Amino acid sequence: MNQIQGAHSLPVNEEQLIKGCLRRDRIAQKQLYDTFSPKMYPLCCRYAKDPVDAEDILVTAFTHILERIGQYRGEGSFEGWIKRTVINEALNFLRKKRSMFLTTSIEEATYEMASHHDNDPLEEEDLLRMINELPPGYRIVFNLYAIDGFSHKEIAGQLNISENTSKSQLSRARVYLQKLLAERDYSPKHLPHDIAS
Amino acid sequence: MTSPPDKLFRDGLGQYHKKAPPSAWDRIENNLDQKKNHFPWMKIAAGFILLIAASFMIWKQDQAATEVSQETSVGSELLAITSKQLADDNRESSVVSREEKVEDNLSQIIESNPVDATVTSSPQSKVSRLKSPVSNAQAINIKDKENTPSIEQIEIMTEQAPIAQVEAGSEISSHEIVAESKRTHFTYSVDEVNAKFTKQDPTPDATSEKKNTSGLQKVIDRAIDLTREESVLADLREKKNELLSFTILSEKRETNK
């Protein structure tokens, strides 16, 4: 019987993994980290501009995950629980570092010209680089809304701002990214994936 | 481009996999090991502190209970000693703590008979005798001048318990002391002294005033009070009541002014 009851039934390997982590089995803990860290590390890189900060966020987040794995009650997917934990740690980190100030106008934001001006395909690292060029406030809201799927209401609650502020920040982030893409001479056909615009 | 870049970035970065630096897992492992080692110490320390606190509280309670039991045991021991002494005929004869009454009564008796006798009692000697019980009771010999110039002291022992009290006034009757002649000779044996000057069932004091007794007598009285009292705080309660009554009285005086 699946001891971890919830709305979703876990895959057998995930269930075994969680049980092992509950027993503080180091092999199971390492396996969990190896399974989910490749997805979570880029997420940390999106929120923290500095790679060193991204690693700090990842370490703190997975330490908490492995210590508090008993808090997962089976509500929602296990990956979703891990993702929310990592995002919370990222926001806490930025809050402590006071990097969450929100830029009020786009004129205050400064950005660097993209290093590539040719028609090289946009790779994930390019997109990541563009995200990191955003001012902190734009970056956080854009990540939360556009990539991680939070609503403006949830963002407002997380960042202790109003929904209108969240919307304005998102709008400004989009404008900023479009400028960057334009300077990059972005073309959909250059993306590695077949993405319909 | 007018369409928002959301989809572009979501699709490009949403499923992006990137391996973390190897140092990340090492740091996580260290954190897990540190937390694993710390918890037992914290639990042990917390348990130790709780144990000390509980022991301290129990010790405090025991101390308070011991003080009460010691006081009552002292009193009960003294009571046992005194009752034993009184019951023993070969031991000292215990006479009233109100030696003044005895002296007065005897003095009256003596005065009614033309004898030259003195009755003396020495509080100091009483105390000393209390510490070392006297084996023999002293006969009271009162002789007049003519026959016997020597006048012996009447040794009066203080009573060590309220069990035995002298009621010389009621016990001694004039017909028992008969002056056959000018030469009046009063001789009391131990039994007579016990019978005449010792009351087995003394009536309780009319008032709760403390008698002017020696220190040991006070301790005995206190022990008896403790055995009778339900709470060791009765003394404090009494003092408090006295203080309150004094306070009320003083307030009344002030209002009357």
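Structural data are supplied above this passage.
Since we're looking at a predicted model, the values are computed, not measured.

Here we take up the overall build of chain B. Looking only at helices and strands, chain B has eight helices and zero strands in total. Secondary structure elements in chain B, listed N-terminal to C-terminal, are α-α-α-α-α-α-α-α. Among the 257 residues that make up chain B, the fraction classed as buried is 27%. At a minimum sequence separation of 6, the contacts of chain B that also span at least 24 residues come to 81%.

What follows is about the interface of chain B and chain A. Facing 32 residues of chain B, the contacting portion of chain A comprises 39 residues. Interface area for chain B against chain A, summed over the two sides, is near 3400 Å², with a carbon-plus-sulfur share of 67%. Taken together, chain B and chain A are joined by six salt bridges. Across the pair Arg27 of chain B and Asp56 of chain A runs a salt bridge whose closest N-O atoms are separated by 2.8 Å. Our enumeration of links across chain B and chain A arrives at 10 residue pairs in polar contact (both at pLDDT 80 or more). Elements represented by at least two residues in the side of chain B that touches chain A include exactly helix H1 (6-13) and helix H2 (22-87) of chain B.

For Leu159 of chain A, the location among the structural elements is in helix H7 (residues 152-159). Spatially, the C-alpha atom of Leu159 of chain A lies 9.0 Å from that of Val141 of chain A, the residues being 18 residues apart in sequence.

What counts, and where the lines are drawn
- Residues numbered from 1 in each chain as written.
- Chains lettered and ligands numbered in written order.
- Predicted model: local features only at pLDDT ≥ 70, side-chain atom pairs only at ≥ 80, totals over all residues.
- Heavy atoms only, no water.
- Helix = DSSP H or I, 4+ residues; strand = E, 2+ residues; numbered from the N terminus.
- Buried < 20%, exposed > 50% of the residue type's maximum accessible area, 1.4 Å probe, protein only.
- Contact = heavy atoms within 4.5 Å.
- Buried area = accessible area lost by both parts, 1.4 Å probe.
- Salt bridge = Lys/Arg side-chain N within 4 Å of Asp/Glu carboxyl O.
- Polar contact = N/O pair within 3.5 Å; in protein donor to acceptor, adjacent residues only side chain to side chain.

Fair warning: the whole summary comes from geometry, so function is off the table for now.
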